[in-house]
Structure formats: C-alpha cells, structure tokens
Amino acid sequence: MKSFKVVISGVGGQGTLLASRLLAESAINAGLHVKIGETYGMAQRGGPVMGHIQIGGTANNPQIRKMEADVLVGFEPAEAARRGVTYLKDDGLALVNKRVTAPVEVISGMVPYPEMGELMGLLGKVTDRLVAFDATSLAEEAGDPIATNVVMLGALTESGELPFGEETMLYTLRDSLRPRFLELNMRAFDLGKEAYREVAS
Amino acid sequence: MGNEALARGAVEAGVALASGYPGTPSSEIGNTFARVAKELGIHFEWSANEKVALEVAFGASMVGQRAICSMKHVGVNVALDILNAITLRGVKGGLVLVSTDDPSQHSSRTEQDNRWLGRHNDVPIMEPSSPQEAKGLTKYAFELSECVKLPVMIRTVTRLSHMRSDVELGEMQRLDREPVFDWEGFSYRVAGFEKLFRRHEERHGKIDSVQEIFEESGLNELKLEGEERIGVIGVGFAFTYVKDALEHLGVEDRVAWLKLVTTHPMPERLVARLVEHVDTLLIAEEVDPFIELHVKALAKDVNPDLKVLGRMNGFIPREGELSHEVVDSRVAELTGVKMPPEARDSLEEAKGDLLFDRMLTMCAGCPHRSTIYALKKAVQAVKGDLMNVVVNGDIGCYGLAHAPPMEFEDTYFCMGASIGVSQGMQRFGIDTIAWIGDGTFFHAGIPALQNAVHNKAPIKVVVADNQAIAMTGFQTNPQLGRTATGDVVEPIMIEDIARASGVKHVEVIDPYDLEATEEAFKSMLDFDGVAMVIARRECAMVAVRNMRPERPPVYIVDQEACIGCKQCLNTYGCPALMWNEDEGKASIDTTLCMGCTSCAQVCPVGAIHRRDDA
C-alpha cells in the first residue's frame, strides 16, 4: 500500500504533538503501521512545530519528502503557509485554522503580520482544496481554546481523506483523552466536523 | 517513541536502576521511567547532574544490578570523568549509557558527535535506526555489557529519539538479583591495588573481543549481490535515508549497501567485504566522518583505489543532519539518475519574502519576563546604562532573555557557567550579573558560587526560580520536595545553600510584584560582596495546567483609557498582548493570558485591569 502522508504545522503550545499522536494511535487501532517524525525543540516557547505522519507504506525514515503530503493540517495561518508550500502535494487538502498567533517579532513591532489573503494565496498556488476556518473560536465555544487540536481532527476526519473511519478516531479519543475533558473534546470534535462540512461545500 | 522504546528495552532486560539528567532530545527516556518505575519495582531518579547520574548507575552495577543512564550529548561531557574510570575498571551488572545526539542543533548549543567520546574511552557503541531496533539493541546492550564487562553506549539522534512508530513488544522481566558487592572486581582491600590500578591493556583486550562479537552479531546487514560497482554505508539512523533513496530512485539492484549498527569497534572484516568489492563508496552518517575515517584507513589495506565519498570531502555537507534532499541527490549523482527540478523555487522565494521566522520567546505570563523587566529597570537606575553590566546567562528557558523585546543577556555557554565566567570578568572590574535557573543552579552552580565567596569575587547572582526544570518538560530538582517518582522529601532551598556558602546578601522575591523585585535588585547591585536575589514564582505553564478545568481570570485593556503608547508591547512584550492597528490600541488575547498582572503594572496609565465579572 502507498502510504498516506499528513503534515501538521503550528506553534508550540497549540497541542499539535497530541494531534499527531492521536492520529497515529488511530492508525494503529485500525491495524495500520505508522511513523511520525516531529520537529520541536523549545516548542513550548512559541517556536514553530511540525509533525510528519506516514500511515502504511514501506518508508524507513519518518520525514516526508517535499511536495508529497496528502494533507496539511495547519494550526495557524502563517505556519500553514510555511509548511504547505514546502510539503503539500499539488492539489492536496489544506485544512487551516485562521486564528493568528502573532510571534514576538510582530508583538514587539519589528515586522507586520502578513495579510491573511496573501498567506492563503500562497497555499492557493499549491492547491484548490483549501478549507480554512477559525478553529480556536470553535474550541472556545466547546469550552477551552486548548481543544483546537481536536477541532482540527474533527475536520480532518470529516474530510474522508483518512485511511480509517470516524469510529476509529472516536475510539482513540475516548481511549486516550482524560475522562474529565472528554465531553469538552467531543463537542470540539463535532464542531470541527460541522465546520468542514460548511466551508468545504 | 524512540525514547520510550529505549526505556522499554531496558525493562525487558530486567533493569533494576535507571538514572539520568533531562535534556532534549533525551528527556522522554527518564519521563517514561518516572511513570512506570514504582509499579515495576525499578529505582528511577533524576540525578543532580549527569556525572552523578552515571556514578549512581555504576554503583548499582558494582553490586550486580543492571542499570541504565540517559542524557543528552553534552551531558556526556559532564559525565566523562566517571565514564573513563568505569571503562578502565569494568562493570559487573550490565551498564548502558544512552547518549542522544542532536545533529543540526534542534535544541542544543552544539551538534557534537559523541561517538568520539565512546571511542576515546573504548566504549562499545550501537546506533539504532528505528524505535523497534532501539528497543532490541538496548536489551542486547545489557547482555553485551555483562559479557565483556564494559559499559555500552546506545547513541541516538534527535530524529530517532523523537520518532514515533508502532513497536512490537517483548516480555518485561524482573531479575531480582541479590545485591552483592563484587569484592574481587572492585575492592582495593580484597583484590589489591596493583590488580585494579593499571588496566589500559585489559581494556584493549575487551574492546578487541567486542569487535569479534560485532563481526558475527547479525546486527548489521550487508546487501551485496555481486555485480554492483557502487556501494553505500548507512550508519545508524542515516541508513533510513539511504534505504529510502535507493527505493525512491529505483536503483536498488545497482547499489550494494551496508547497514551499520555497531559503530565502535567497527566490524572490519564485514566492512572489508564491501570495501574490496566496489569502486565507489558513499558513507552516510551523522554528524562527523567517524566511520568514513575508519573506512579510509581500512581501504588503504584492502582496496587502495577505492573512491570514498562522504563528509570529509564535502560530497555530503560537513555540518548538519542528513535529509531526503541531500541523500537522494547524492545517490542520484552517483548512479546517474536525473532528479526532477525543484518545482516550487519561486513560490518558496515568495514565501520567504512574506514570512517572519517566528523567534522563540518566553510564554505568556512567564515569571522570567517579569524578572528581567525589573532587573533592567534596576540596572538602569543603579548603573546609569544597561551596557554597564555584562549579563552572563545560563541554560534554560530564561536563556531566552537575549531575545526581543527584553534583549538583556550577553552570553550563555553550558550548565552553571554563568556564575563561573562572571568571576573572571569581575576580577578585572567588569560588572556582571550571573543569570541562572533553579535546576541549573543545582546541576553545576553550587561549586561556582562557593568559589566566588571563597575567592572574593563580588558577583551578583539572579536565580530565575520557576520551581521546575521547565524547558525539558517539568522534571524535578532538589528544591521541589518530591522525587521523580513522586516521593515526598525534604526540599533543599537555594537560599539555604547560598547562606551556608557564605553569601551575605540573599533575598527571595515574587517577580509578579514588579516594584518589590526592582527594589530587591537595586539593593543587590549596591551590595559590597557576593549577593543573590532569588526570583521565585511557579512556571506559568504549570500554573495554567493546575487551574484546569478553570480558566485564568480575564484581564482586559480598557480601550477608553489606553493611550496607545505601546509600552506594554515594546518593553514587556508578553505574547498575550496584541496591537490593533486600526484603533491604535493594545488588547489582550484571553486564550493566552494567564492573569499574572505584570502588564497591568507596566501600563503607565493603569488601563489594564481584571474584567469586573471575571
């Protein structure tokens, strides 16, 4: 089987690593082999974070080659553009959280944050399949902005791109997340699914 | 995860003791033990530093127990003194040292290749290429260690330590060996001084025997069908790039390859089979030409015409980790395969023009930011100019003090160095501030502080005490009053150590009180002699975590009152602050703000306050 490749990009503290892990555990629960390569150093200190997830296939190395990712899950618009341009294949699916996390360069007035239109325009040159929405607002609606990662997983699941079904993903969430946060995360997951349906149609 | 697999391998080998010091990319090995040690009847500890950690593990080995000790690459520099002694003396219970190297310096100040340190001390080295192999090799390393009576190094790189994949598990085991000191092996009283003292020759004999074992171990894999003129050696994790490149380019049948796992001592006979067979040999390894150098020496005897390509002649860049791009293109060049042109060059360029780098910064509400803010004000007031002191920082989150907008840190080098280097400067009248964290103070700051008192170097020490080893994931240190596995113990307070060491001016303050903190720094700077201020406040990430499921109190910028002076943004610069260009006013991102109140104290017109209903 050809492997299914996802690149997750975001900023330290956004829960991208947990999102990769949940995705990988779902793959394992579906009986598939999985490899994740993560790039984070001082991730919690506001730096860029990236996860490469390969499900199935025969590759030995966890890194995905440039322009070969089937899906980009961007947790922040600038980080989505940064990784999407490099890794997303032509006409791959780009899921993007439109909530901006300004870096210290922007906060302290050294550089401006790019226009949203320009960032999305970069991704638009790679693919027509761009689904962008404010996932952090939906997570806040669910009860905690930290659930942005589960909103994104909801959208990814709804896209039907994953090589396993929604039931597998839900099983993993129930199995892996702390029970007292489960209800909140289930709301977040459903809001992500809805958002995908609305924006993609 | 690679690191978890390493820990699992040790558990499957019946390890009785695990120790280490946190540091990216090694920390998850210890974190894993911290989670499971009690349940499995293993002793795990985060030790004071890497040297102590390895000594603790060696002690266990001398009484017959299997022990593992993990650290990042620079940690082995700290542990080198005892490592050298262990290799000369030998081990009893299997002793495994895990060194996690960091090619391309993802989170380190160097990309040093620790295989040289292993070789320097006749330590056998094995390098896994997958989490599965990491588990298997760790288990095997204990057997090898006991067989040849040497410690064994498992050397990983960041990409492997942080790689996740499905791993097939084996049985966990408990050996429950009776602890008995090996008198004949280690005691001067019993074995006699002469027998134990000069051991260099014996160590050579041991490492030679390891080479024989590695030749026949089956851990390495040679693919040589007979017609190939080109060969590639993929060393450790680098093998994954090589294997994938051969498949990607469709040249598997034309290229011979060797997957080399046992890198010291190199199995020369096995490598010679490839060396004597091919005309051209590419060596892919991270980071230094460790195997390449050895292959060149070997080729002189068995195939002097062999063309060796790798890091030494720059065929592969001399620095940095490997990538698909590098290995694919080099293999393509050797085999004459045409690579597709880079299709998105212009798009990448447009992206580069548009995007910022996203510099690292302290988190929203980080107490270190408040400490530095107050320190700058105090230095300005007492010294007249911020450039009238050299700020020698140290290793930890607070090391980000050099970044905008704080920009108040000049150097940082290695654990504890802030206090040492400050003394050499102070000796010649250069005013300094040593800026060190709580974890780092315990690791290597204490001898340096005592040196300052003893040798009368009147340095000023600021301890950024966030009550955690935060940067690597909140591991414990001796001040916290609990061990890695959750036992409650007597906390060792930094102020008590400082006072007992003869520091006459020691003050502990809460950095969220900016005014009091500034005053404390002023008296520290005015003090004649060694002086210390401990800025103590729990890491903001821990604070927010402990609030859950509650959210922090909501702080807002009163849009009527804000005068748009940007002082909060430009001089304080918390990531939770935002600037609204249209309105010309600041505001607060409530998803990030953790309610520390510092920016409210910075605002000159009192426009920032807690929302009435929150």
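This one's a predicted model, so the numbers in the text were calculated from it and none came from an experiment.

## What to know about the overall build of chain B
Within chain B, the secondary structure is distributed over 24 helices and 22 strands. In terms of overall size, chain B behaves like a compact globule, its C-alpha atoms giving a radius of gyration of 28 Å where 614 residues would be expected to give roughly 25 Å. If one aligns the C-alpha atoms of chain B with their principal axes, the spans along those axes are about 80 × 70 × 50 Å. The buried share of chain B, reckoned over its 614 residues, is 53%. Counting only contacts in chain B whose residues sit at least 6 apart along the sequence, the fraction spanning at least 24 positions is 78%.

## Examining helix H19 (residues 438-454) of chain B
The periodicity of an α-helix, 3.6 residues per turn, causes residues three or four positions apart to be oriented the same way. Residue and element names in this part refer to chain B. Along its length, H19 shows its largest kink, about 70°, at Gly445, and proline Pro447 lies within four residues downstream of that point. Buried within H19 we find Asp438, Gly439, Thr440, Phe441, Phe442, His443, Ala444, Gly445, Ala448, Leu449 and Ala452. The inward-facing, buried residues of H19 contact helix H18 (417-426), strand S15 (432-437), strand S16 (460-465) and helix H20 (494-500).

## Some words on helix H13 (residues 268-275) of chain B
Buried residues of H13(B): Val271(B), Leu274(B) and Val275(B), and no others. The buried residues of H13(B) occupy one face: seen down the axis, they fall within an arc of 100°.

## Digging into the interface of chain B and chain A
Taken together, the contact pairs 49 residues of chain B with 47 residues of chain A. Looking at the side of chain B that touches chain A, the elements that each hand over two or more residues are strand S7 (164-165), helix H12 (238-249), helix H16 (345-354), helix H23 (567-572) and strand S20 (577-580) of chain B. For the side of chain B that touches chain A, the leading source of residues is H16(B), giving 5 residues. In terms of residue class, the side of chain B that touches chain A is made up of 24 nonpolar, 14 polar and 11 charged.

## Quick look at the nonpolar core
Residue and element names in this part refer to chain B. Membership of the largest hydrophobic core comes to 158 residues, with the highest contact counts inside it found for Ala57 and Ala284. No other element matches helix H3 (residues 50-62), which puts 7 residues into this core. Inspection of this core shows a minimum of three residues originating in each of domain 1 (2-215) and domain 2 (221-335). The next biggest cluster of nonpolar side chains, apart from the first, holds 86 residues, and it includes Leu360, Ala374, Met406 and Ile534.

## Here's the deal with the sheet that holds strand S10 (residues 255-260) of chain B
Residues and elements named next belong to chain B. Strand order in the open sheet formed by 5 strands is S8-S10-S9-S12-S13, and the pairing between neighbours is mixed. For this open sheet the edge positions go to strand S8 (221-223) and strand S13 (307-309), each flanked by a neighbour on one side alone. Sheet twist, expressed as the mean angle between neighbouring strand axes with direction ignored, is 15°. Direction of pairing for strand S9 (residues 230-235) relative to strand S12 (residues 280-284): parallel, over a ladder of 5 bridges.

## Section: the sheet that holds strand S3 (residues 48-55) of chain A
Note on sheets: strands pair through backbone hydrogen bonds, and any given pair is parallel or antiparallel. A sheet is described by the order of its strands in space; here 7 strands give the open sequence S6(A)-S5(A)-S4(A)-S1(A)-S3(A)-S2(A)-S7(B), paired in mixed fashion. With one partner strand each, in any of the chains shown, strand S6 (130-133) of chain A together with S7 of chain B form the two edges of the open sheet. Of the pairings in the sheet, the one linking strand S2 (residues 34-39) of chain A to S7(B) comprises 2 bridges and is antiparallel in character. Counterpart to Lys35(A) in the pairing with S7(B) is Ser165(B).

## Considering the pairing of strand S6 (residues 152-157) of chain B
All names here are of chain B. Taken across its 6 residues, S6 has 6 buried, putting it largely inside the fold. Here S6 shows no split at all, with Val152, Ile154 and Thr156 on one side and Met153, Arg155 and Val157 on the other all buried. One ladder, built from 6 bridges, connects strand S4 (residues 95-101) with S6; its direction is parallel. Residue pairing for S6: Asp101 is matched across the bridge by Val157. Taken together, strand S5 (residues 125-126), helix H6 (residues 131-148) and S6 constitute a β-α-β crossover, and its handedness is right-handed.

## A look at the packing of H18(B) against H19(B)
Residue and element names in this part refer to chain B. Between H18 and H19, the least distance of the axes is 7 Å, while the angle of their chain directions is 25°. As summarised for this structure, H18 and H19 are arranged roughly parallel, according to the angle between their axes. In this structure, H18 crosses over H19, and the sense of that crossing is left-handed. Contacts between H18 and H19 pair Ile419, Gly420 and Gln423 from the former with Gly445, Ala448, Leu449, Asn451 and Ala452 from the latter. Class assignment for the residues of the contact of H18 with H19 results in 4 nonpolar, 4 polar and no charged.

## Looking at the domain arrangement of chain B
Residues and elements named next belong to chain B. Domain boundaries in chain B define domain 1 (2-215), domain 2 (221-335), domain 3 (367-545) and domain 4 (551-610). Here the C-alpha centre of domain 4 lies 27 Å away from the C-alpha centre of domain 3. With 10 residues of domain 3 at the interface, the matching set in domain 4 holds 11 residues. Contributions of two or more residues to the side of domain 3 that touches domain 4 are made by helix H17 (367-383) and helix H22 (540-547).

## What to know about the pairing of strand S4 (residues 69-74) of chain A
All names here are of chain A. For S4, the tally of buried residues reaches 6 of 6 residues, placing the bulk of the element in the interior. Pairing of strand S1 (residues 4-11) with S4, which is carried by 4 bridges, proceeds in the parallel orientation. Residue pairing in the sheet places Val7 in a bridge with Leu72 of S4. In this sheet, strand S5 (residues 88-97) lies alongside S4 in parallel orientation, the contact comprising 5 bridges. Bridged to Gly74 within S5 is Val96. A crossover links S4 with its parallel partner S5, the connecting element being helix H2 (residues 77-87), and its sense is right-handed.

Rules used throughout
- Residues numbered from 1 in each chain as written.
- Chains lettered and ligands numbered in written order.
- Predicted model: local features only at pLDDT ≥ 70, side-chain atom pairs only at ≥ 80, totals over all residues.
- Helix = DSSP H or I, 4+ residues; strand = E, 2+ residues; numbered from the N terminus.
- Rg over C-alpha atoms; globule rule 2.2 N^0.38 Å.
- Buried ≥ 20, exposed ≤ 12 C-beta atoms within 10 Å, placed from the backbone.
- Contact = placed C-beta atoms within 7 Å.
- Bend = angle between axes of the 7 residues up to and from the residue.
- Arc of directions from axis to C-beta.
- Nonpolar A, V, L, I, M, F, W, Y, C, P; charged D, E, K, R; others polar.
- Core = buried A, V, L, I, M, F, W, Y, C linked by C-beta atoms within 7 Å.
- Domains from an automatic or database assignment.
- Pairing = 2+ DSSP bridges.
- Axes fitted to C-alpha atoms, helices over the stretch in contact; angles between N-to-C directions.
- Right-handed = clockwise from strand over helix to strand, strands pointing away.
- Parallel < 35°, antiparallel > 145°, perpendicular 65-115°, else oblique.
- Left-handed = near helix turned anticlockwise from the far one by under 90°.

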